[in-house]
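Coordinate inspection notes
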Number of protein chains: 2
Amino acid sequence: MGGDIGPGAVVPAAVQALSSSPALELILVGDQTVLETHLQAHRQLLESGRLRLHHASEVVGMDELPSRALRFKKDSSMRVAINLVKDGTAQAAVSAGNTGALMATARYLLKTLPGIDRPAILTAIPSIQGRTLMLDLGANVDCTAEHLFQFAVMGSVLAHAVEGIEAPRVGLLNIGEEEIKGNDQVKEAARLLHDSSLNYIGFVEGDAVYTGDVDVVVCDGFIGNVALKTSEGVAKMIAQFMREEFKRNPLTRLAGLVALPVLRAFRRRVDPRNYNGASLLGLRGIVIKSHGSADAQAFAHAIEVAVKEVDKAVPDRIDHQLEAQLTERQAV
Amino acid sequence: MGGDIGPGAVVPAAVQALSSSPALELILVGDQTVLETHLQAHRQLLESGRLRLHHASEVVGMDELPSRALRFKKDSSMRVAINLVKDGTAQAAVSAGNTGALMATARYLLKTLPGIDRPAILTAIPSIQGRTLMLDLGANVDCTAEHLFQFAVMGSVLAHAVEGIEAPRVGLLNIGEEEIKGNDQVKEAARLLHDSSLNYIGFVEGDAVYTGDVDVVVCDGFIGNVALKTSEGVAKMIAQFMREEFKRNPLTRLAGLVALPVLRAFRRRVDPRNYNGASLLGLRGIVIKSHGSADAQAFAHAIEVAVKEVDKAVPDRIDHQLEAQLTERQAV
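Rules behind the numbers
Residues numbered from 1 in each chain as written. Chains lettered and ligands numbered in written order. Predicted model: local features only at pLDDT ≥ 70, side-chain atom pairs only at ≥ 80, totals over all residues. Heavy atoms only, no water. Contact = heavy atoms within 4.5 Å. Buried area = accessible area lost by both parts, 1.4 Å probe. Salt bridge = Lys/Arg side-chain N within 4 Å of Asp/Glu carboxyl O. Polar contact = N/O pair within 3.5 Å; in protein donor to acceptor, adjacent residues only side chain to side chain. Domains from an automatic or database assignment. Helix = DSSP H or I, 4+ residues; strand = E, 2+ residues; numbered from the N terminus. Nonpolar A, V, L, I, M, F, W, Y, C, P; charged D, E, K, R; others polar. Least-squares fit on C-alpha atoms with pLDDT ≥ 70 in both. Buried < 20%, exposed > 50% of the residue type's maximum accessible area, 1.4 Å probe, protein only. Axes fitted to C-alpha atoms, helices over the stretch in contact; angles between N-to-C directions. Parallel < 35°, antiparallel > 145°, perpendicular 65-115°, else oblique. Left-handed = near helix turned anticlockwise from the far one by under 90°. Patch = residues over 30% accessible without salt bridge, like charges linked within 9 Å, V, L, I, M, F, W, Y side chains within 5 Å. Areas by Shrake-Rupley, 256 points an atom, 1.4 Å probe, with all protein chains shown as cover. Lys, Arg positive; Asp, Glu negative; His and termini not counted. Charge placed at Lys NZ, Arg CZ, Asp CG, Glu CD. Expected span 1.5 Å × (residues − 1). Arc of directions from axis to C-beta. Phe/Tyr/Trp six-rings, centres within 6.5 Å; stacked < 30°, edge-to-face > 60°. Lys NZ or Arg CZ within 6 Å of the ring centre and 35° of its normal. Pairing = 2+ DSSP bridges.

**Side note on the interface of chain B and chain A**
The interface is formed by 52 residues belonging to chain B together with 52 residues belonging to chain A. Taken together, the two surfaces of chain B and chain A that pack against each other cover about 4900 Å², and 77% of this comes from carbon and sulfur. Per-residue buried area on chain B facing chain A is highest for B:Ile175, B:Phe222 and B:Arg269; these three make up 14% of the total on that side. Viewed at the interface, chain A and chain B are joined by six salt bridges. Between B:Glu244 and A:Arg269 there is a salt bridge, with the nearest N and O atoms lying 2.5 Å from each other. Viewed at the interface, chain A and chain B are joined by eight residue pairs in polar contact (both at pLDDT 80 or more).

**Here's the deal with the domain arrangement of chain A**
All names here are of chain A. Domain annotation of chain A identifies domain 1 (5-115 + 281-311) and domain 2 (120-271). Computed from C-alpha coordinates alone, the two centres of domain 1 and domain 2 are separated by 26 Å. The partner domain 2 presents 11 residues to the nine residues of domain 1 that form the contact. In this structure, the connection of domain 1 to domain 2 is made through zero salt bridges. Scanning the region where domain 1 abuts domain 2 turns up two residue pairs in polar contact (both at pLDDT 80 or more). Elements represented by at least two residues in the side of domain 1 that touches domain 2 include exactly helix H6 (99-110) and helix H12 (296-311). When residues of the side of domain 1 that touches domain 2 are assigned to their parent elements, the largest contribution, three residues, is made by H12. Taken together, the residues of the side of domain 1 that touches domain 2 sort by class into two nonpolar, five polar and two charged.

**Quick look at the relation of the copies chain B and chain A**
When chain B is brought onto chain A, the operation consists of a screw motion whose angular component is 180 degrees and whose axial shift is 0.0 Å, with 0.0 Å RMSD remaining. Accordingly, the operation relating the two chain copies is best matched by a two-fold axis. When you check the interface residues of chain B against chain A, 100% turn up at the interface there too, and the contact is symmetric in its surfaces.

**Some details on the pattern of salt bridges**
Residues and elements named next belong to chain B. Applying the stated rule across the entire model yields 24 salt bridges over all chains. Across the salt bridge formed by Arg169 and Asp215, the nearest N and O atoms sit 3.0 Å from each other. Here Arg169, found in the loop between helix H7 (145-161) and strand S6 (170-173), pairs with Asp215, found in the loop between helix H9 (208-211) and strand S8 (216-218); they are 46 residues apart in sequence, far enough to count as distant. Take Asp215: its relative accessible area is 9%, and that puts it in the buried class.

**Considering the packing of H7(B) against helix H8 (residues 184-194) of chain B**
Residue and element names in this part refer to chain B. Packing of H7 against H8 leaves a shortest axis separation of 8 Å and a crossing angle of 50 degrees. Classed by the angle they form, the pair H7 and H8 counts as oblique. For the crossing formed where H7 meets H8, the hand is right-handed. On the side of H7, the interface is formed by Ala145, Glu146, Leu148, Phe149 and Ala152, while H8 contributes Gln185, Val186, Glu188, Ala189, Leu192 and Leu193. Residue classes in the contact of H7 with H8 are distributed as eight nonpolar, one polar and two charged.

**Regarding a positive patch on the surface**
All names here are of chain A. Positive charge collects at one region of the surface, where Arg243, Lys247, Arg253, Arg264, Arg267 and Arg268 lie side by side. Sort the elements by how many residues they give to the positive patch and helix H11 (residues 250-270) lands first, with four residues. Turning to its location among the elements, Lys247 is positioned in the loop between helix H10 (221-246) and H11.

**What about helix H13 (residues 314-331) of chain A?**
Residue and element names in this part refer to chain A. Taking 1.5 Å as the rise per residue, H13 with 18 residues should run 26 Å; its terminal C-alpha atoms sit 26 Å apart, in good agreement. For H13, the full list of buried residues reads Val314, Pro315, Ile318, Leu322 and Gln325. Projection of H13 onto a plane perpendicular to its axis shows the buried side chains occupying an angular sector of 95 degrees, all on one side. Facing away from the buried side of H13 by over 90 degrees, the exposed positions are His320, Glu323, Gln330 and Ala331.

**Looking at the packing of aromatic side chains**
Overall, the coordinates contain zero aromatic pairs over all chains when judged by the stated rule. Above the ring of A:Phe241, the side-chain terminus of B:Arg269 is found at 3.9 Å from the ring centroid. For the cation-ring pair, B:Arg329 lies above B:Phe149, with the distance from its terminal atom to the ring centre recorded as 4.4 Å.

**A closer look at the sheet that holds strand S7 (residues 200-204) of chain A**
Residues and elements named next belong to chain A. With respect to topology, eight strands assemble into an open sheet ordered S3-S10-S9-S4-S5-S8-S6-S7, the strand pairing being mixed. Sheet topology places strand S3 (92-95) and S7 at the edges, where each strand pairs with a single neighbour. Taking each pair of neighbouring strands and ignoring which way they run, the sheet shows an average axis angle of 25 degrees. Running over the sheet, H12 touches S3, strand S9 (278-281) and strand S10 (286-289) and is turned about 160 degrees from S3.

**Notes on the sheet that holds strand S7 (residues 200-204) of chain B**
Residue and element names in this part refer to chain B. Sheet architecture is open: eight strands sit in the order S3-S10-S9-S4-S5-S8-S6-S7, paired in mixed fashion. At either margin of the open sheet sits one strand with a lone partner, and together these are strand S3 (92-95) and S7. Pairwise comparison of adjacent strand axes, ignoring direction, gives a mean angle of 25 degrees for this sheet. Where S3 and strand S10 (residues 286-289) come together, four bridges link them in parallel fashion. Residue pairing in the sheet places Ala93 in a bridge with Val287 of S10.

**Regarding the pairing of S10(B)**
Residues and elements named next belong to chain B. Burial of S10 is two-sided: the residues Ile286 and Ile288 facing one way and the residues Val287 and Lys289 facing the other way are all buried. One ladder, built from three bridges, connects strand S9 (residues 278-281) with S10; its direction is antiparallel. Its bridge partner being in S10, Ser279 is matched across the sheet by Ile288. Hairpin connection, S9 to S10: the antiparallel pair is bridged by four residues, and Gly282 has positive phi, about 100 degrees.

**Let's talk about the side chain of A:Glu64**
Residue and element names in this part refer to chain A. Topologically, Glu64 is positioned in the loop between strand S2 (51-55) and helix H4 (66-72). Of the polar contacts made by the side chain of Glu64, one reaches the backbone nitrogen of Gly61; its length is 2.8 Å. Engagement of the side chain of Glu64 in a polar contact is seen with the side chain of Lys73, the distance being 2.8 Å. Not counting the four nearest positions on each side in its chain, Glu64 is found in contact with Val59, Ala69, Lys73 and Asn98.

Okay, structure coming up:
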């Protein structure tokens, strides 16, 4: 069981998820002895059968090369968990482990859906008006127009099925809203999307992710990853500056005390734990990537994301929607 | 005189800059009659000779195609101003106009420095530890490794000359710090930088821009633009959420009043006006791009940026540094 914290976060998250979702059953994959130690206070869950353990003797390191993990770690917790999805024992896998290895292993074992060239990573991001879905976040550093189109279909399906948005507004991330802006890939992707029956609203700029004027933001994985990490950087800097200003002198400390309930309410609203759980989309199965440093609450949220995607049969819907879009394109 | 506000921002900014820099002389380029109207309260500046007017009959629209502006707007304020730099009348041009047209016009009139394939746009960004310089921010959507190398040289020169950093730490923006991450361009650029005498510290991720662990962040213009716009979006969302939380009820409003001086101190620290003024680097002359919506204070800051680059003879330094780097590379 990987991630920066391992069973220390995953086990309490599992307990929490089981108590909030009565129909949920979980299989913890990892070192059986270690897991049993962590579960000493929760024997009744094991006895109820809703929580099972599945031994895996290896763990993929957070910095391990995906190709190495794939070749040499045949009994890693990550691989065993994905195999449980493959053989139908589990309906989804959730991992806080090495993203590259998770994607490579999931792709190798589960395979992509027909018509999907490359899986993509999607996450929900807080916006002024609610939530924005964004993909790809780092699985693909070079994308063709066709890849971006497939991402748009997948993001749109998720926004509809999981977020409940009737006709999700899909935007292509670009460096300007005018048609002449951008590289060849986004221009061609724009043409494909314009001709599709998706609710394509055109190019959007980086700030649109947070204004909420778009439901699904599509970009290649290099750009999506940089945008997400940059956002984290800005948020951390702002938090740091706020702390420093409130700690400047006794008077500002007092003001901080008075403002504390408001600052806490604000923090809850942008708490990244409530957005934890990125979807590996385009696979013949559901795989959710939790942030490596996720604590129990955050990991529990990633489990919730998996539950929702299982409920809505996301891979089937992507399969149908993509087929519909491609059929429609040929008919034009 | 372009930009979203035009002379209403630029004229008071000029007055402010002249009063804070006693050695400065400014030429305002635009519609003479309009400028004179705005300057009615400042006749003594015109009489002193430190402020001159230069008529230009046209303005490039903020959404006008750069190619059209270049071909048909021969007497635009932007073009006339850059021509003043070209003929030596002015030492730098500052514009709040259409970025694409400004870049195209500057490149056409001033030409690039020897060894520079493409000019780039650089700006300073606040970080937890001070300021980070970042380029390119949108001039070049597709960059080769050699372009990225040239950007690194230019950014390093600016960090040294203007920011006063002895050996500026240069990082390449990537989706991970490991050598295997990224696309072919960044991998090859990493090799070029590693072999150079620049203080290259390796790949950095998006959050490094704001942690201050790097002085110069190098990336292609698509990524730089998205990162910057995304950052603006996050900052706006956070500001909006803070406002909403403090306005929730009479009690939170009271807390807001108590915290107001602290919040104001915080806001001053990240005030984008104090970072206004992006440098068009790699040209045989100094051109500074102000944000289109810059007010007088922000535009005055862009003028300050121009003054600093003139003082430090930035184009000459870039020319020398690039020549030194290329000579060194051939010698290896």
